[in-house]
Amino acid sequence: IAFVVSNCGKTSADDFHQQLDLARNFIHLLPVDPQNLRTAIISVSNGTKIIQDLKMPSSNSTEVFLESPSSGGLCTTGHGLEATSKMFKTKGMKGIPQFLIVFLAEKSDDEVSKPASELHKAGILVYSVGLKETITASTVNNLPSDPVSEFFISFPGFAAVDSTKQALLDKLNRGLLYKYTI
C-alpha cells in the first residue's frame, strides 16, 4: 500500500502532518498483520519526496529526494504517481493486491491521467481523498480507479480523522471485492 500526501499550495504544516499520521496509522486497521505489509509514503509539492520507500513498517524509514520539494507552490501529483508506479514495479510483490491512496489538497499542476492510467493497467487500486471542498469526484479526472464513486472520498479539512480511516477501510474492502469478483 502506498500513500501520496499533499504538501501543495496553502497546505498548513498541521494538515500535512495529519495526512502523514493518517497514512502511518491506517495500516493498523487492515485485517493483515502490519509486519506482512509493505508501505510507502510519497510527498508532493514542487517535486516528489519519498518519505518512506515501499518496505516493511518495521524497517527503518529512509528519506530519498527525487527533487527538493517545499511547501507551497506547484502541486506535482503526477510526479508522485510516477514515483509510486516505479516503486510498485520494482519492489511490489506479484500476486498481492496493491493499493494507492492519494490525498488531494489542491488540483494537480502536472499531468495525472497518463501515470494514473499506467497504475490502473498494472492492476493497482487507486483511491483519492479530497481534502478541500473544491476537490470533488468531478475534479479528479481519471485519477481514482473505476467506478469513481467507489474510489473517491471527500473529507474537506480532515473533519473527522476516525471517519476518514473507516471510510477508507470500507472502500478498500469493497474495492477488493469488486476487483476480484468481476
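Structural data are supplied above this passage.
Everything in this summary refers to the structure shown in the same document. (Residues numbered from 1 in each chain as written. Predicted model: local features only at pLDDT ≥ 70, side-chain atom pairs only at ≥ 80, totals over all residues. Heavy atoms only, no water.)

1. Describing the overall build of the chain
Piece 1. Counting its secondary structure elements, the chain contains 5 helices and 7 strands.
Piece 2. The linear arrangement of helices and strands in the chain, starting from the amino end, is β-α-β-β-β-α-β-α-β-α-β-α.
Piece 3. Residues counted as buried form 47% of the 182 residues belonging to the chain.
Piece 4. Sequence-distant contacts in the chain: of pairs separated by 6 or more residues, those separated by 24 or more amount to 67%.
Piece 5. About 8,900 Å² of surface is accessible on the chain, with carbon and sulfur atoms providing 53% of the total. (Helix = DSSP H or I, 4+ residues; strand = E, 2+ residues; numbered from the N terminus. Buried < 20%, exposed > 50% of the residue type's maximum accessible area, 1.4 Å probe, protein only. Contact = heavy atoms within 4.5 Å. Areas by Shrake-Rupley, 256 points an atom, 1.4 Å probe, with all protein chains shown as cover.)

2. Here's the deal with the side chain of Ser6
Piece 1. With respect to the element layout, Ser6 can be found in strand E1 (residues 2–6).
Piece 2. What makes Ser6 buried here is its relative accessible area of 1%.
Piece 3. Among the polar contacts made by the side chain of Ser6, one reaches the main-chain amide nitrogen of Cys8 at a distance of 3.4 Å.
Piece 4. Apart from the residues within four sequence positions on either side, Ser6 is in contact with Thr11, Phe16, Gln19, Val44, Cys75, Phe103, Ala105 and Glu106. (Polar contact = N/O pair within 3.5 Å; in protein donor to acceptor, adjacent residues only side chain to side chain.)

3. Some remarks on the state of the cysteines
Piece 1. Considering all chains together, one arrives at 1 disulfide under this definition.
Piece 2. Each sulfur in the disulfide pair Cys8 and Cys75 lies 2.3 Å from the other. On the sign convention where negative is left-handed, the bridge of Cys8 and Cys75, at about 60° about the S-S bond, is right-handed. One end of the pair, Cys8, is in the loop between E1 and helix H1 (13–26); the other, Cys75, is in the loop between strand E4 (64–65) and helix H2 (77–91), with 67 residues separating them in the sequence. Each member of the pair, Cys8 as well as Cys75, carries the same accessibility label: buried. (Disulfide = S-S within 2.5 Å.)

4. A look at H2
Piece 1. Between its first and last C-alpha atoms H2 spans 21 Å; for 15 residues at 1.5 Å apiece the expected length is 21 Å, and the two agree.
Piece 2. For H2, every residue scored as buried is listed here: Thr77, Gly78, Gly80, Leu81, Ala83, Thr84, Ser85, Met87 and Phe88.
Piece 3. Here the buried face of H2 lies against E1, strand E2 (39–44), strand E3 (48–55), strand E5 (99–104) and helix H3 (113–121). (Expected span 1.5 Å × (residues − 1).)

5. A short note on the packing of aromatic side chains
Piece 1. The full count for this structure, using the stated rule, is 4 aromatic pairs.
Piece 2. For the ring pair Phe99 and Tyr127, a centre distance of 6.4 Å and an interplane angle of 40° mean the geometry is tilted. Separated by 28 residues along the polypeptide, Phe99 in strand E5 and Tyr127 in strand E6 (residues 125–130) bring together distant segments of the chain.
Piece 3. A centroid spacing of 4.8 Å and a plane angle of 50° characterise the contact between Tyr127 and Phe151, whose relative ring orientation is tilted. Of this pair, Tyr127 sits in strand E6 while Phe151 sits in helix H4 (residues 148–151), placing them 24 residues apart in sequence.
Piece 4. Judged by relative accessible area, which is 1%, Tyr127 ranks as buried. (Phe/Tyr/Trp six-rings, centres within 6.5 Å; stacked < 30°, edge-to-face > 60°.)

6. Side note on H1
Piece 1. The first and last C-alpha atoms of H1 sit 20 Å apart over 14 residues, in line with the 20 Å expected at 1.5 Å per residue.
Piece 2. Of all the positions in H1, only Phe16, Gln19, Leu20, Leu22, Ala23 and Phe26 are classed as buried. All buried residues of H1 fall inside an arc of 160° around its axis, so they share one side. Facing away from the buried side of H1 by more than 90 degrees, the exposed set consists of Ala13 and Asp14. (Arc of directions from axis to C-beta.)

7. Let's talk about the environment of Phe151
Piece 1. Judged by its relative accessible area of 1%, Phe151 falls in the buried class.
Piece 2. Ignoring any residue separated from it by four or fewer positions in sequence, one finds Phe151 in contact with Leu125, Val126, Tyr127, Ser128, Pro144, Ser145, Asp146 and Gly175.

Just distances and angles here, no functional claims.
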